[in-house]
Amino acid sequence: MMLYLQLYYEFFKAGLFAIGGGMATLPFLYDISDKTGWYTYSQMADMVAVSESTPGPIGINMATYVGFTTGGVPGSVVATLGLITPSIIIILIVAQFLKAFKDNRYVNSAFYGLRPASTGLIAAAGFSVLLLVLFGSTTLQGISLGNIRISCIVLMAVLYFFTAICKKTKGLHPVVFIAASAVIGIVFQLAGV
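What you see is a predicted model, and the numbers here were worked out from it, not measured in a lab.

1. Notes on the nonpolar core
Side chains that are nonpolar tend, in soluble globular proteins, to be buried together. Membership of the largest hydrophobic core comes to 23 residues, with the highest contact counts inside it found for Phe11, Leu26, Leu29, Tyr39, Met44 and Met62. Only helix 1 (2-17), helix 2 (26-36), helix 3 (41-53), helix 4 (58-101) and helix 5 (105-135) provide two or more residues apiece to this core. By residue number, the principal contributor to this core is helix 4, which donates 7 residues. Once residues within four sequence positions are removed from consideration, Phe11 is found in contact with Leu29, Ile32, Ala63, Val66, Ala79, Gly82 and Leu83.

Here you go:
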């Protein structure tokens, strides 16, 4: 029972402060990993990849995955509910007040100010994922040229070539590239690259 309460509480906090979408929850997920040990940073990178390639919001997919791995099906339901509860409460409150203040310049300014904050959270999360993929570390202190993962750089270059430069493959559906990347990732993992 305590596990479910902790899952709900941790994802409630993530949902409460993750303005800007699922990628904005990544800093909170790093914090959850540090505090609870439910998953490693490497597993989180895998969660991001899988959540990005599956239907649905990334934050919900990740909450469901973490909940499932720590507490089974009930854990996935509890973590998902924890993540969405703040949004539901805030939307209900905002909907009531927005009717009265929809033309208020302070309200419009507040929403305008949230845009760069959410952009910053998403950029920081993306940078952390890039560091993890390329160097196996989420901090600048863990970076060295000896840690660089050449296979990841080669894979990024090949994907860039086929998605942006090569005219024959440029128009293919993104699912093709996601599936190909998954297969290559499995091969790399099995080969120990």
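2. A few points about the packing of aromatic side chains
In the structure shown here, the tally under the stated rule is 3 aromatic pairs. Here Tyr30 and Tyr41 contribute two aromatic rings whose centre-to-centre distance is 4.9 Å and whose plane-to-plane angle is 80°, an arrangement assigned as edge-to-face. Residue Tyr30 is found in helix 2, and its partner Tyr41 is found in helix 3; the two are separated by 11 residues along the sequence. Tyr30 sits in the buried class, given a relative accessible area of 9%. According to the relative accessible area criterion, Tyr41 is partly exposed, its value standing at 24%. Seen in terms of ring centroids, Phe161 and Phe162 are 5.1 Å apart; in terms of plane orientation they differ by 75°. Their pairing is edge-to-face. For Phe161, a relative accessible area of 37% translates into the label partly exposed.

About the thresholds
Residues numbered from 1 in each chain as written. Predicted model: local features only at pLDDT ≥ 70, side-chain atom pairs only at ≥ 80, totals over all residues. Heavy atoms only, no water. Core = buried A, V, L, I, M, F, W, Y, C linked by side-chain atoms within 4.5 Å. Buried < 20%, exposed > 50% of the residue type's maximum accessible area, 1.4 Å probe, protein only. Helix = DSSP H or I, 4+ residues; strand = E, 2+ residues; numbered from the N terminus. Contact = heavy atoms within 4.5 Å. Phe/Tyr/Trp six-rings, centres within 6.5 Å; stacked < 30°, edge-to-face > 60°.

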